[in-house]
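Chains, contacts and geometry: an overview
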Amino acid sequence: MKIKEIREKNENELKKNLVELRNKLAKMRFDISAKQVKNHRDIRITKKDIARILTVLNISKV
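The paragraphs below set out a description of the structure included in this document. (Residues numbered from 1 in each chain as written. Predicted model: local features only at pLDDT ≥ 70, side-chain atom pairs only at ≥ 80, totals over all residues. Heavy atoms only, no water.)

1. A word on a positive patch on the surface
- Taken together, the side chains of R29, R41, R44, K47 and K48 present a region of like positive charge at the surface.
- For the positive patch, the element with the most residues is helix α3 (residues 42-61), which contributes 3 residues.
- For K48, the location among the structural elements is in helix α3.
- A residue is classified by how much of its surface remains accessible, and K48, at 45% relative accessible area, is partly exposed. (Patch = residues over 30% accessible without salt bridge, like charges linked within 9 Å, V, L, I, M, F, W, Y side chains within 5 Å. Areas by Shrake-Rupley, 256 points an atom, 1.4 Å probe, with all protein chains shown as cover. Salt bridge = Lys/Arg side-chain N within 4 Å of Asp/Glu carboxyl O. Lys, Arg positive; Asp, Glu negative; His and termini not counted. Charge placed at Lys NZ, Arg CZ, Asp CG, Glu CD. Helix = DSSP H or I, 4+ residues; strand = E, 2+ residues; numbered from the N terminus. Buried < 20%, exposed > 50% of the residue type's maximum accessible area, 1.4 Å probe, protein only.)

In structure tokens, the structure reads:
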């Protein structure tokens with residue numbers, strides 16, 4: 001997800017998306033530990049998306 005797409009969303013959509021991404025990250029961690037995931041780089045992408053959303057949410061509070 002690009003930063004431009006994130007900035008276009010409202011706060012409620014961002015919070016909903018944040019919860020979904022955190023759940024996805026938790027599931028990916030379990031799958032990686034069980035050796036069920038082939039592409040382990042997806043976890044890095046998901047973490048960066050979470051950081052981008054949190055950044056936009058924090059900037060909008062200021």
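2. Description of the nonpolar core
- By size, the foremost hydrophobic cluster in this structure holds 11 residues: I6, L14, L18, L21, L25, M28, I43, I50, I53, V56 and L57.
- At the level of elements, α2 (11-33) and α3 are the ones that each hand at least two residues to this core.
- Leave out the neighbours within four places in its chain, and I53 touches I6, L14, N17, L18 and L21. (Core = buried A, V, L, I, M, F, W, Y, C linked by side-chain atoms within 4.5 Å. Contact = heavy atoms within 4.5 Å.)

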